[in-house]
Amino acid sequence: MERSLTYGYLPHELPFSFTSESFAKAALGLTRVAKPRPMMPVRFSVARAGGIRRPIEIPNPFAQLGLVQLCSAEWRTLQRLTARSTISLSRPVKPRTGRALRYRHQLGERPAIAISRMPGGAVTLQTDVSQFYASIYTHAVDWAVRGKTRAKRHRHAAVLGADLDARLREARDGQTAGISIGPETSWLVSEVLMARVDEALCTKFPNLERRAFRFVDDMTFYAQSEGEAYDVLGAYQRFLADFELLLNPRKVNVSTGLEPPLATWASSLRQVRYRHDTDTHLAQDIVDLFAFALEARNRFPTDGVLSYAIKRCDPFPGGESSWPVYRDAVLAAVTQEPSTLRYVYEVLVFARTHGLEVNTDRLVEVFNQLCVTHAQLDHGFEVSWILSILRELRLPLDSTAGKAVAAMEDNCSLILLRDMLESSPRLSLLVDMNAAVSRAETKGALSTSDWLLAYEFRAARWCRPAVWDHSLQWKEMNKAGVRFLVPSAVKRKRLRRKRPAFLTGWGYS
């Protein structure tokens, strides 16, 4: 578990790998992490549907390593602590393969589980913790492990709760307010805390576990009456407050009747006709599907409707008529909803791999325009995914877009841009990277929120001097050939889609 948690700790929103297997080997080869000291994570702004943004963090690898080693050594205890909750669907368990942890119940199971909790209910209570990860008080993690009274009485004891508290603070420059969004260790720690709240709530209301469920910080309860719903709500607020957490008043709702477990647009979109017996039928049905999706997106702007529509198209539209229609619909979705970019990346790489045309003037024009727009707003998610698409498909980045990216704060975008300049002498003459180079060369940068930029620029010799802030562990990482940016030639997990019935092989005939 320790090794997989070390390099599998970030979400799929990122366009390149954190961290590599080589980092796991190099890091785990160290007998001990250097004496803990506060370090800063890299900030990364992720796009959500409807223009909502979610700030996630890429922890300094050695701060993260200390936390991972602790969680790995204490896994059985942490597993027991999360098992206090009988209503959590997001409790972390170890899978046999793949990521370090997985949900005990996958997202696709939620509708059926919700229906199983409905019998006996007449009123629906829905809750959401306000700014969940950002508002977690690190000392409260210790309270959840040992109990609040004991933890306060023995603040500096060498025990799991106090150690988790210390490691979480070290990863964010000593801050006690908030933990990083992104690492699986944060998810694990948050479940320890919420399990304690769930346990208290179920103890007070013994029937609750049969009619309630929680996924991360969203709890749903099917009450017998409004009175029961408000009683549970009041108690839930008090138990959360014991750990310095608050509910989001805009997302707390008590409604008469049973709320459907699945959004109505999702049910309707899933049932839209999708024929793949002929190329003509498939092209027609893609038009209908996206027409419905665009209309639904206008009514439900924060629900990720267009992402669902892109993923809904399976078998993959690979015909002479259906592929251009699908490609252009996907390109239109990007402009309307930038959060679709990570799915668009998969679609275009899949198409290129199977001989479908992706190198169009229109596609290049749209992506360069979007790159300029989002770079000016320092939108790391959008820019880094656009650069990844252009880089993977070997499509040109124009100088206007390159200059806009070079002025960004975002580490991921700057690293991708600098890598692209390596293969474009013309662009490298037009784009000035001196500001990024100065940040990478700054003394002590490997402990700041620019640690990723500093490491990649130094490891690739894109800046000088190639020093490692007098840290043996960073030198060892570089010597082991660790790179966080995955070269285009490296094989990554690809999109899996069926071939339409009318095609005997991929690509145009």
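Our structure's up above, just so we're on the same page.
Now for a quick tour of the structure. Model, not experiment: these values are computed from the prediction. (Residues numbered from 1 in each chain as written. Predicted model: local features only at pLDDT ≥ 70, side-chain atom pairs only at ≥ 80, totals over all residues. Heavy atoms only, no water.)

### Regarding the layout of surface pockets
One simple way to see leftover space: roll a probe sized like a water molecule over the atoms. Taken as a whole, the second largest pocket holds about 310 Å³ of empty space. Lining the second largest pocket are 14 residues, and of these R391, L395, M420, S423 and S424 lie nearest its centre. Elements with a contribution of two residues or more to the lining of the second largest pocket: α18 (380-393), α20 (411-422) and α21 (425-430). Here the lining of the second largest pocket gets three residues from one element, more than from any other, and that element is α20. Tallied by class, residues from the lining of the second largest pocket come to six nonpolar, three polar and five charged. (1 Å grid on protein atoms, 1.4 Å probe; cavity = no way out; pocket = protein on both sides within 12 Å on 5 of 7 lines; lining within 4 Å. Points joined across faces, edges and corners; volume = space filled by probe spheres on them. Helix = DSSP H or I, 4+ residues; strand = E, 2+ residues; numbered from the N terminus. Nonpolar A, V, L, I, M, F, W, Y, C, P; charged D, E, K, R; others polar.)

### Describing the nonpolar core
As a rule of thumb, nonpolar side chains are buried together in soluble globular proteins. Among the nonpolar cores identified, the biggest contains 160 residues, and L164, L193, Y326, F367 and F457 are the most heavily contacted of them. Non-local contacts of L193, meaning those with residues more than four positions away in its chain, are made with I136, A140, V141, A144, F243 and L245. (Core = buried A, V, L, I, M, F, W, Y, C linked by side-chain atoms within 4.5 Å. Buried < 20%, exposed > 50% of the residue type's maximum accessible area, 1.4 Å probe, protein only. Contact = heavy atoms within 4.5 Å.)

### Examining the sheet that holds strand β6 (residues 212-215)
Strands sit in the order β6-β7-β5-β8 across an open sheet of four strands; the sheet is antiparallel. Of all the strands in the sheet, just β6 and β8 (253-256) have a single pairing partner and so form its edges. Taken pair by pair, the neighbouring strands of this sheet meet at an average axis angle of 15°, ignoring direction. In this fold helix α11 (residues 226-241) packs onto β5 (123-128), β6, β7 (218-223) and β8, with an angle of close to 20° to the strand it touches most, β5. (Pairing = 2+ DSSP bridges. Axes fitted to C-alpha atoms, helices over the stretch in contact; angles between N-to-C directions.)

### Focus on the pattern of salt bridges
When the charged atoms of two side chains lie near each other, side chains of opposite charge can form a pair. If you walk through the whole model with that rule in mind, you get 20 salt bridges. Each of the salt bridges in this network shares a partner with another, and the network as a whole consists of E191, D198 and R214. (Salt bridge = Lys/Arg side-chain N within 4 Å of Asp/Glu carboxyl O.)

### Some thoughts on the pairing of β5
Counting buried residues in β5 gives five out of six residues, a clear majority hidden from the surface. Across six bridges, β5 lies against β7 in antiparallel orientation. Looking across to β7, one finds that L125 is bridged to F221. Here β5 pairs with β8 via three bridges, running antiparallel. Pairing of Q126 across the sheet is with N253, part of β8.

### A short note on the side chain of S90
Within the fold, S90 resides in the loop between α4 (75-82) and β3 (92-93). Judged by its relative accessible area of 0%, S90 is buried. A distance of 2.6 Å separates the side chain of S90 from the side chain of E191, its partner in a polar contact. Once residues lying within four places of it in the same chain are set aside, the contact partners of S90 are Y103, W187, E191, R214, F215 and V216. (Polar contact = N/O pair within 3.5 Å; in protein donor to acceptor, adjacent residues only side chain to side chain.)

### Focus on the environment of I286
Along the chain, the position of I286 falls in helix α13 (residues 279-299). When the C-alpha positions of I286 and Y326 are compared, they lie 6.6 Å apart, and in sequence the two are 40 residues distant. If near-sequence neighbours (up to four positions away) are discounted, I286 is found in contact with Y274, P317, S322, V325 and Y326.

### Things to note about empty space enclosed by the protein
Counted by the stated rule, this structure contains three cavities of 30 Å³ or more. If you add up the space inside the largest cavity, you get close to 60 Å³. In terms of lining, the largest cavity is formed by P59, Q64, L67, L168, A171, R172, G178, I179, S180, P183, T185 and S186. Its residues assigned to classes, the lining of the largest cavity comprises six nonpolar, five polar and one charged.

What is shown is where atoms sit, not what they do.
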